[in-house]
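One letter stands for each residue in the lines below.
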Amino acid sequence: MSTILFELGCEELPPKSLKPLRDALQASVTEQLNEAEIGFDSIKAVAAPRRLALQIQGISDKQPDRSEQKRGPAIKAAFDAEGNPTRAAMGFAKGLGIEASELITINTDKGDYVGYEQVIHGQATTELLATIFQTALDNLPIAKRMRSGVSRNEFVRPVQWAVLMQDSTVIDATIQGHQTGAQTRGHRFHSPNYHEIAHANDYEELLGSLKVVADFDKRQMLIKNQVKALADEVNADAIVPQDLLDEVTALVDFPIALRASFEPRFLQVPQEALISTMQADQKYFCLTDKAGKLQPYFIFITNIESKDPNQIIEGNEKVVRPRLADAEFFFLQDQKQPLFALTESLKTRVFQDKLGTIWEKSERIAKLAAFIAALMQQQGQQIDIDETVRAGILSKADLASSLVGEYPELQGIAGTYYARLNNEPEAVAASLEEQYLPKFSGDVLPQTPIGICLALADRLDTLVGIFAIDQAPTGSKDPFSLRRSAIGILRILIEKQLPINLVALVEETIKNYGKQNAIKLINDEKTMDLSISDTFTQVMAFLNSRYRAMYTEQGVSVDTIQAVQAINPHMPLDFDQRIRAVQAFSELSQASMLADSNKRVANILAKSEVSVADNVDEALLSEPAEQGLYASVLQAQTAVKPMLEQADYTQVLQTLASLDEPLTQFFDNVMVNSEDAALKNNRLALLKQVRALFLTVADISELQL
């Protein structure tokens, strides 16, 4: 058992790719070692700006030997009547490089054959490693590879050196066009020369002495600890997004955190703009107070252990000042006119060629948001419809602002700031930011009633419009993020407990387009009805299809989702309540039998050649088992009625679980397809009532229990 060290030294690797490259390298080498049956105790990948490396501990010296059985001709063909080998046997033996006398007999189900048990000796690990590492490098997820100089070898950055060692011995190989050796380089500035690695186990310790913290995770932890310590000194909290932390970790060999400051006057600018520019452009960690308000400090990570850190701090303060001044300028420039005035330029800005301008979209959002607000009012929610319309009209105004033009990620956020400065009602101002929520899977939802209305109206308007002009998502292409928008609609209606029917929302959205004549596909009366009908059907189908993606992400089984989709509820909140009820039902001991019985009932009814009656003639119930089932059905119908009125689907299914035994007795003792047509039809009617009871919640026959 020994230690293998592999290191590929490069020019600075792409910081956003460093961690994925490290993980992919380790995964590929691990897979190849396992396929080659080379055992090892542990494998560790390290990554720094100028290197990717692997350290494999306790690796086997060679592959294990293995036996391989070669089968030749049948015994009858291999030996003649006197038992002498035939030409077939001798040819087989010659091909293996052995004498015919060394052949053995192999017994199989199809007869006896001659054969040979061959021992294949495993290769030495050192003979395989160069190919393994090169294959791993070739398979790394690199979008665009480059060549360096006259070399024909391609990699993400020019390769400078390669190390491949077994303990203290160099394994002679060529990787990425470089002869392997035992020399590495340290920090580009503090220790730029080559240094000899005495032993593979000394790798990280040696690099540490050369001002390189090679372990990505260790380097990241150093950064986090330093940032926290500096933030604590000014009683602040650091904003440390994981993506930014990964990128900064990939930029430095020897991280040293320093804290700098900027003029407090910049804090009048929306803090989101300041944070955005400091994070995206400068890779700084911003500081906030305990309430989340931005403080006039930032922390940056330097890659140099300077004798005079103040010079570095002053340099960074000098660099960031113009960027903050730009944000301040845009913010002040926008305030020279009220937010509503910005809507004028939206009248010439196209939302989509066939769907009109952004101003027209704002008008549609205002109308649809008002419609949703009226529905919420009917349900007892406090919401001002006039303010909702005002919010809809202002919803896209900040798209014409200078601040959003420079920082597109501030759309909505900038609108909220400007609305407050213009003394718009707080409900209106808050909703302008909330209209874009949720922005991604698992994101927070809008909290205010008007924010909810805008978020729904904006997504529905885009969804209907894009489907109407026949640009629905195909395959992986979804330029308008309609899949995400659809799930956002469902999440809002479900998690905000809004009993609103999707049919009503989609129909109203289509009407708004028709009134505005924005959809050019329905310009004339002949095609209008058809086009509207097609759009409605497609949008509803698309929204219903998103349930599966949303619930499977939550761990709900596909058959549970299909059981509810089979009855096609149009209210997302109602759909969710049914999902939870079916999940609870699936845990019952009777669930499996009842699911099977429902399948059987569904099949029997589907095969009926006559229309099955809705009512049961009690006088025709001749068998005790069918009488018992009918009595249980009547009892269940009475019991579940108030539960259905309260949408207590969980209790409905738990009540219907009592039909377990009566159904079993019925199928065990009653012949449904009786020769007597009256009896047969009456029994089918009874089963139809059983089926109808379960379908009040879901199609239980879809469950795979």
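Residues numbered from 1 in each chain as written. Predicted model: local features only at pLDDT ≥ 70, side-chain atom pairs only at ≥ 80, totals over all residues. Heavy atoms only, no water.

## Examining helix α25 (residues 660-669)
Of the positions making up α25, those classed as buried are Asp660, Pro662, Leu663, Phe666 and Phe667. Looking at the packing, one finds that the buried side of α25 touches α22 (591-606), α23 (624-645), α24 (649-656) and α26 (677-695). (Buried < 20%, exposed > 50% of the residue type's maximum accessible area, 1.4 Å probe, protein only. Helix = DSSP H or I, 4+ residues; strand = E, 2+ residues; numbered from the N terminus. Contact = heavy atoms within 4.5 Å.)

## Looking at the packing of aromatic side chains
A full pass over the atoms with the stated rule returns 12 aromatic pairs. Taking 6.3 Å as the distance between ring centres and 40 degrees as the angle between the ring planes, the aromatic pair formed by phenylalanine 298 and phenylalanine 300 counts as tilted. Overall, the relative accessible area of 0% leaves phenylalanine 298 in the buried class. The class for phenylalanine 300 is buried, based on a relative accessible area of 3%. (Phe/Tyr/Trp six-rings, centres within 6.5 Å; stacked < 30°, edge-to-face > 60°.)

## Section: the nonpolar core
Counting residues in each nonpolar core, the largest one holds 137 residues, and the members touching the most others are Met278, Ile372, Leu403, Leu502, Tyr551, Leu653 and Leu656. Sorting elements by how many residues they give to this core places helix α16 (residues 449-468) first, with 12 residues. For leucine 403, the residues in contact, after removing those within four places along its chain, are Pro270, Ala273, Ala327, Phe330, Phe331, Asp334, Leu410, Ala414 and Tyr418. (Core = buried A, V, L, I, M, F, W, Y, C linked by side-chain atoms within 4.5 Å.)

## Overview of the pattern of salt bridges
Under the definition given, this model contains 32 salt bridges. Linking glutamate 426 and arginine 420 is a salt bridge whose minimum nitrogen-to-oxygen distance equals 2.7 Å. Classification of glutamate 426 as partly exposed rests on a relative accessible area of 46%. For arginine 420, a relative accessible area of 42% puts it in the partly exposed group. (Salt bridge = Lys/Arg side-chain N within 4 Å of Asp/Glu carboxyl O.)

## Concerning the packing of α22 against α25
Direction vectors running N to C along α22 and α25 enclose 50 degrees, while the axes themselves pass 10 Å from each other. Overall, the two elements α22 and α25 adopt an arrangement that is oblique. Our pair here, α22 against α25, has a crossing hand that is left-handed. Taken together, the residues of α25 that come into contact with α22 (itself represented by Met593, Leu594, Ser597, Arg600, Val601 and Ile604) are Asp660, Leu663, Thr664 and Phe667. (Axes fitted to C-alpha atoms, helices over the stretch in contact; angles between N-to-C directions. Parallel < 35°, antiparallel > 145°, perpendicular 65-115°, else oblique. Left-handed = near helix turned anticlockwise from the far one by under 90°.)

## So, α22
Relative to the 22 Å expected for 16 residues at 1.5 Å per residue, α22 spans 22 Å between its end C-alpha atoms, a close match to the ideal helical length. Residues Ala591, Leu594, Ala595, Ser597, Asn598, Val601, Ala602, Ile604 and Leu605 constitute the buried set of α22. Considering only its buried residues, α22 is in contact with α21 (572-586), α24, α25 and α26. (Expected span 1.5 Å × (residues − 1).)

## Some points on the sheet that holds strand β2 (residues 42-48)
The strand order β2-β3-β1-β9-β10 describes an open sheet built from 5 strands, whose pairing is antiparallel. Sheet topology places β2 and β10 (169-170) at the edges, where each strand pairs with a single neighbour. Of the pairings in the sheet, the one linking strand β1 (residues 2-10) to strand β9 (residues 159-166) comprises 7 bridges and is antiparallel in character. The residue of β9 that forms the bridge with glutamate 7 is valine 163. Along the sheet, helix α4 (residues 125-138) contacts β1, β3 (51-59) and β9; its crossing angle with β1, the most-contacted strand, is approximately 35 degrees. (Pairing = 2+ DSSP bridges.)

## Considerations on the confidence of the model for the protein
Low pLDDT marks stretches whose predicted atomic positions should not be read closely. Summing up the model confidence of the protein, the mean pLDDT is 91 and the portion of residues at 70 or higher is 97%. Per-element mean pLDDT across the protein ranges from 80 in helix α19 (residues 525-553) up to 98 in strand β17 (residues 285-288). For residues 520-530, every residue scores under 50 in pLDDT, and the model assigns this stretch 12 contacts once sequence neighbours within four places are set aside. (pLDDT = per-residue confidence, 0-100.)

## Some thoughts on the sheet that holds strand β18 (residues 294-302)
Taking strand neighbours across the sheet as the criterion, the 4 strands line up as β15-β17-β18-β16 in an open arrangement whose pairing is antiparallel. Only two strands of the sheet have a single neighbouring strand rather than two, namely β15 (237-238) and β16 (256-261). Where β17 meets β18, 3 bridges bridge the pair, whose relative direction is antiparallel. Paired with threonine 288 across the bridge in β18 is leucine 294.

## Points about the pairing of β18
In terms of burial, β18 is largely enclosed, as 7 of its 9 residues are buried. Where β16 meets β18, 6 bridges bridge the pair, whose relative direction is antiparallel. When the bridges of β18 are listed, serine 261 appears paired with tyrosine 297. Between β17 and β18, which pair antiparallel and follow one another directly, the connecting turn spans 5 residues, one of which, glycine 292, has a positive phi of 90 degrees.

## As for the pairing of β17
Here β17 shows no split at all, with Phe285 and Leu287 on one side and Cys286 and Thr288 on the other all buried. In the sheet, β15 pairs with β17 via 2 bridges, with the strands oriented antiparallel. Across the sheet, residue alanine 238 finds its bridge partner in β17, namely leucine 287.

## Some remarks on the side chain of glutamate 317
In this structure, glutamate 317 sits in helix α9 (residues 309-334). Although buried, glutamate 317 forms no salt bridge, and the nearest oppositely charged side chain, arginine 321, lies 5.0 Å from it. (Lys, Arg positive; Asp, Glu negative; His and termini not counted.)

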